[in-house]
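# Topology and contacts: notes
Spelled out from the first residue to the last, the chains are:
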Amino acid sequence: MLIKPDTNSVENCVCYYLQYCRAKDQSEKTVKDKAFNLALFAQWCCIAKIDDVLNINVDVLDSYQQYLNQYRKPQSDEPLSKGTRRNRLTAVRVFLRALFVKDIIPNNHFEKFELPTLGRRLPKPVLSENEVQKVLNQTSFYGQTGVRDRAIMETYYASGIRRFELGELTVDDIDFEQYQLRVYQGKGGKDRYVPFARKSCFLVYRYLREVRPKLANKHSGKTLFLANNGKPFRPTQLSELVAKYIRLADIRKGGACNQYRHAAATHMVDRGADIRHVQEFLGHADLSTTQVYVHVSMAKLREVYSNTHPAALSNQ
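Our subject in this report is the structure included herewith. No experiment lies behind these values; they were computed from the predicted model shown.

Definitions and limits used
- Residues numbered from 1 in each chain as written.
- Predicted model: local features only at pLDDT ≥ 70, side-chain atom pairs only at ≥ 80, totals over all residues.
- Heavy atoms only, no water.
- Buried < 20%, exposed > 50% of the residue type's maximum accessible area, 1.4 Å probe, protein only.
- Helix = DSSP H or I, 4+ residues; strand = E, 2+ residues; numbered from the N terminus.
- Pairing = 2+ DSSP bridges.
- Salt bridge = Lys/Arg side-chain N within 4 Å of Asp/Glu carboxyl O.
- Core = buried A, V, L, I, M, F, W, Y, C linked by side-chain atoms within 4.5 Å.
- Contact = heavy atoms within 4.5 Å.

## Structural notes on the pairing of strand β3 (residues 192-195)
Residues Arg192 and Val194 line the buried face of β3, whereas the alternating positions Tyr193 and Pro195 sit on a face that is not buried. Note that strand β2 (residues 180-183) and β3 share four bridges and pair antiparallel. By the bridge assignment for β3, Arg182 is matched with Tyr193.

Here is the structure:
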């Protein structure tokens, strides 16, 4: 049974709220992210001598926002990104909203607090189809490790799944007969099936037959892709793996795992895919999210420009 906190201290209310989130069956990753952001807010409240949630109003939130704006990272002395600041403030507002719903705080004046706007930013330049192939070809120099790494990157590109979704794939999630891949408990705790190219199925099958048995140990379970120690990859390891091959291909484009996700979506649009099909493919709940990932394709824009703009036509 969910028991309301015996005091209105910020720390007690945060603990109660996280229990409430788990009772609502929110994913553990979501709860951990909220816990991290709210722990930072609770620390700031302690420094600011705000020990009761009833004392949190718009002025307090404005002060916290000012603190985040002025904060500098200890190692680099860089400010927090706008996205990070917005995420931390959003976590606090959602926390207060839950306390209001549960009658722990008597009013919702905090709703007047305005979150900072992010504006629309285009994704980083994505890999072209030739560049994707160039990166994948780098694995041929690394023996059995390369067989595994090729299977990993082929899975990223062929399925467009997220980094954490790939890390949690099991050997049972690849359907070699129907050429599809199952994402279990993806973002938002949703399951979905994704088409998976025949060639990619073959490369994963080769990895399963030739490489995984040599890596597997008591720590492996049914995890599909195993690190050299036989354990599941950590997210940072997957990013480092992909970034290494992008560097080896001498391609000067930032990003790692998401490069394949962005590239897959953009290349599908280039070849005429409907944006709503791409939305389903990527597992986006909101079409607007897909439109940010799949920005106006430069290939299509150049084609239209060449065929319609007078300056371009005069050169033909």
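What follows picks up the thread again.
## Side note on the sheet that holds β2
Strands in a sheet are paired, the pairing made by backbone hydrogen bonds, and the direction either parallel or antiparallel. Strand order across the open sheet formed by three strands is β1-β2-β3, with antiparallel pairing between neighbours. In this open sheet, the two edge strands, each paired with only one partner strand, are β1 (174-175) and β3.

## Structural notes on the pattern of salt bridges
All chains considered together, the criterion is met by 15 salt bridges. The residue Arg97 makes a salt bridge to Glu111 at a minimum N-O spacing of 2.7 Å. With a gap of 14 residues between them, Arg97 in helix α4 (residues 82-101) and Glu111 in the loop between α4 and α5 (129-137) connect regions that are remote in the sequence. Residue classification places Glu111 among the partly exposed positions, given a relative accessible area of 29%. One salt bridge in this structure joins Arg162 and Glu165, with 2.8 Å as the shortest N-O distance. The same class applies to Arg162 and to Glu165, which are both buried. Ionic contacts of the salt-bridge type, sharing partners, join the residues Arg150, Glu154 and Lys199 into one network.

## A few points about the nonpolar core
Counting residues in hydrophobic clusters, the biggest one holds 45 residues, and the most contacted among them are Val135, Phe225 and Val242. When contributions to this core are tallied by element, the ones reaching two or more residues are α5, α6 (143-159), β2, α8 (198-210), α10 (235-248), α11 (257-270) and α12 (275-282). Ignoring sequence-local partners within four residues, the contact set of Val242 consists of Met153, Tyr156, Ala256, Cys257 and Tyr260. Counting residues in each nonpolar core, the second largest holds 32 residues, with Cys13, Val53, Leu89 and Phe113 among its members.

## Regarding unusual backbone geometry
Here the phi dihedral of Asp77 falls at roughly 65°; this positive angle occurs in a residue that is not glycine. Among the secondary structure elements, Asp77 is positioned in the loop between α3 (58-70) and α4. We note that Tyr179 has phi near 55°; this positive angle belongs to a residue other than glycine. One can find Tyr179 in the loop between β1 and β2.

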